[in-house]
Amino acid sequence: MAATLDSDIQFLPGVGPKRAALLKNELGVGTIGDLLRLYPFRYIDRSTVQRIADISPDAAYVQVQATVTDVRLSPKNLKVTVDDGSARMELTFFKGLKYTAERLQKGRTFLFFGKPSLFNGHLDMVHPEIDNPLPDNPSGEKRGVLTGVYTSTERLKTAGITGKVMNRLMATALDQCLGQVEESLPDYVMRENGLVPLRFALRNIHFPQDAACLKKAEYRLKFEELFLLQLSLLKQKYVRSRSTVGFAMPKVGEAFNKCYEALPYSLTGAQKRVIREIRADMMSGRQMNRLLQGDVGSGKTMVAVLSALIAVGNGFQACIMAPTEVLAQQHFANISKYLAPTSVRVGLLTGSTPAAQRRELHAGLRDGSIGIMVGTHALIEDTVVFHNLGLAIVDEQHRFGVDQRSRLWRKSRGDVPPHVLVMTATPIPRTLAMTLYGDLDVSVIDEMPPGRKPVRTILVTEGKRHALNKFMRDQIARGRQVFVVYPLIFESEKLDYQNLQNGYEQIVHDFPFPPYKVAIVHGQQTSQEKQFNMDAFAAGRANILVSTTVIEVGVDVPNASVMVIESAERFGLSQLHQLRGRVGRGSAESWCVLVRGDKVSRESMKRLNLLCRTEDGFTLAEEDMKMRGPGDLEGTQQSGLPIELHIASLTRDGSMLSLARDYAETVLARDPELALEENAPLLREMRKDKYNHRNYSKIS
Ligand code: ADP
Ligand code: MG
């Protein structure tokens, strides 16, 4: 039976059931088609052979052609000495000893490929790949000079699926099935984007004819991957925007206008633009699904308030859910202030709301007398029933699970979902946002309120503690307030608490009462205790607030001008940036002091130095992503980033991603259903499973 692209991988000559199971489990390769889409992650230039004498032990991979001069086999390992006339080198093997010893006979010459190292003062190579010498290496010519290297695992190697075997399997798969591969892109797409055909690309990605062909193959495959992904996301967005009915809210309303006129400041251009975008959505009669991004302090709360008032002005209710009690309370206090000129009733519902009050709030929600409800997770409990929820806003959306958020959307009565606005201060790099939230609308507040002073960031070691204390006393003498934040270091809450307590005691010792007052906030306090201490600090009754990262999210104390972050190396870059955003909100010159330990890794130093250099959240996020990779980026773990990119990289191929997205938009603008004959290949691609399980990016 001839193998096809859909044939189980076990039917590829050289595989069989055992290896097939491994390929499936280790690499996710189930069919021959899958195998062809498993691309090399690097290439070796087999055409360069180095002299042993020229090899530096730091070199990545090298290839030498040398003759075996000595073989020493012990039960534990095999040591082989080789010589290429320029110098000698040791080879060490720990596995396949007998087999290798038989092959590497004294006096015979081979091509060895591997990573050199220095061992006991001489050059050594552990488990090099062994090939026949160049002149009579028959496969060498057929393959071309660049050889693909594939991801491997210990299990695969143990089962004999070495790099060479992978190359052979790939060659067989191409021989048997390349002719069946159907072009996934229409001709015009290839022509307009300068792409080579898929078959050419697949052959050259595995066995490049030369470096230029490899480049063309890579470009084609990356573009294809990003383009099809964007096409699927944009298509979903298009389908949804046509099909999901939403509440039409045509008016701005009196409450909005009253609140707007009484604002203590004028909105920034970015805030105005974003409110216009939101208004247009809410008016449209289609359901809004919008992500609002804005750096810490960019003024998202005001946008939330005005959006909520649009809902209220049209006879609907709105709710704002925040991740912590402290933040919910602060929102409530601020919003109440903004709404003073209106007659809109605002409620606050959190886990610590007393039962009697809770009943009253529930009743107010049910009969519609409460227009805007602020709260924590308590909002999603089943007992909370809205009269007519028209807009649900989630602050710091990445702090909530998908499930929690969607429970809020279901609070709407009837079949029509509420409009949804999720806000985040985690500056998601553009490339990532485009992919992660590709089917949502994204608004960005990219402008800070005026009068914001830059925050000076400095990095100090423990040795500077004395000077730091003096600096803090100095600032306090000028009427300023200071945050001191401790990281959650240990696994156990108890130890964290201990760590914080010790720090607190030290500070109370260094800043004794009178005249100094130190407040403390941490996760083990009751919400009343937390609130009491926060209030004391916010009202200026305490000079210093010692806390864990509970203050990271959203807390606003304009008079606080110094942020001291202890053990700063333990925090992630985004988290440090968020903490720093707590200061610089007033008119005073502000400081962020990063106190680091003595032993700090190079990576951490890089992060801390970067933070000292830039205040731009998006730059930081891009850099963070480059350093850590997108999967690790704060705010994306929960959303689970199941975007499986085989060849393109969100970090490295950002500009190609923009290109691919713009092009996908062009294609859909002309043919939204992909119904045109020429787009048939695209429609076929879009029907594949992988483009139809993208619930992760839905926020509603
Ligand atoms: P975030 O985007 O981090 O939630 P906030 O909404 O808490 O930011 O706003 C930060 C601070 O900036 C608040 O004190 C708020 O009153 C103030 N603010 C917001 N918008 C403006 C503006 N247009 N002009 C001046 N100050 C503003
Ligand atoms: Mg906020």
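Details of the structure are given in the entry above.
Our subject in this report is the structure included herewith. Since the structure is predicted, the reported quantities are computational estimates derived from the model, not experimental observations.

For the rest of this paragraph, the subject is the pairing of strand β13 (residues 372-375). Here β13 shows a buried face lined by Ile 372 and Val 374 and a second buried face lined by Met 373 and Gly 375. Relative to β13, strand β11 (residues 317-321) runs parallel, the two being bridged by four bridges. Bridge pairing in β13 places Cys 319 opposite Met 373. Note that strand β12 (residues 346-349) and β13 share four bridges and pair parallel. Bridge pairing in β13 places Leu 349 opposite Gly 375. Read as a crossover between parallel neighbours, the route from β12 over helix α14 (residues 355-367) to β13 is right-handed.

Spatial ordering of the open sheet is given by β12-β13-β11-β14-β15-β10-β16, a layout of seven strands whose pairing is parallel. The sheet terminates laterally at β12 and β16 (441-445), the two strands that pair on one side only. The sheet shows a mean angle of 20° between the axes of neighbouring strands, direction not considered. Bridge count between strand β10 (residues 289-294) and β16: five bridges; the pairing is parallel. Within the sheet, the bridge partner assigned to Gln 293 lies in β16 and is Val 444. Where helix α11 (residues 269-283) meets the sheet, its contacts fall on β10, β14 (389-394), β15 (419-424) and β16, and the angle it forms with β16 comes to roughly 160°. Most of the contacts of α14 go to β12, to which it runs at about 130°, and overall it touches β11, β12 and β13.

Let us look at helix α17 (residues 465-477). Structurally, the α-helix is built with 3.6 residues per turn, so residues lying three or four positions apart point the same way. A rise of 1.5 Å per residue sets the reference length of α17, with its 13 residues, at 18 Å; its end C-alpha atoms lie 18 Å apart and thus fit the reference within 8%. Every buried residue belonging to α17 is among Leu 468, Asn 469, Met 472, Gln 475 and Ile 476, and all of these are buried. For α17, the buried positions fall inside an angular range of 125° around the axis, keeping them on one side. Opposite the packed face of α17, turned more than 90 degrees from it, sit the exposed residues His 466, Lys 470 and Ala 477. Looking at the residues trailing α17, positive phi occurs at Gly 479, about 90°.

Gln 271, Gly 297, Lys 300, Thr 301 and Asp 556 are the nearest of the 18 residues found near ligand 1. At a separation of 2.6 Å, an oxygen atom of ligand 1 approaches a polar backbone atom of Gly 297. In this structure, an oxygen atom belonging to ligand 1 sits 2.6 Å away from a side-chain N or O atom of Thr 301. Burial of ligand 1 by the surrounding chains reaches 84%, relative to a free accessible area of 570 Å². In terms of residue class, the shell around ligand 1 is built from six nonpolar, seven polar and five charged.

About the cut-offs
- Residues numbered from 1 in each chain as written.
- Chains lettered and ligands numbered in written order.
- Predicted model: local features only at pLDDT ≥ 70, side-chain atom pairs only at ≥ 80, totals over all residues.
- Heavy atoms only, no water.
- Buried < 20%, exposed > 50% of the residue type's maximum accessible area, 1.4 Å probe, protein only.
- Helix = DSSP H or I, 4+ residues; strand = E, 2+ residues; numbered from the N terminus.
- Pairing = 2+ DSSP bridges.
- Right-handed = clockwise from strand over helix to strand, strands pointing away.
- Axes fitted to C-alpha atoms, helices over the stretch in contact; angles between N-to-C directions.
- Contact = heavy atoms within 4.5 Å.
- Expected span 1.5 Å × (residues − 1).
- Arc of directions from axis to C-beta.
- Near = heavy atom within 4 Å.
- Polar contact = N/O pair within 3.5 Å; in protein donor to acceptor, adjacent residues only side chain to side chain.
- Areas by Shrake-Rupley, 256 points an atom, 1.4 Å probe, with all protein chains shown as cover.
- Nonpolar A, V, L, I, M, F, W, Y, C, P; charged D, E, K, R; others polar.

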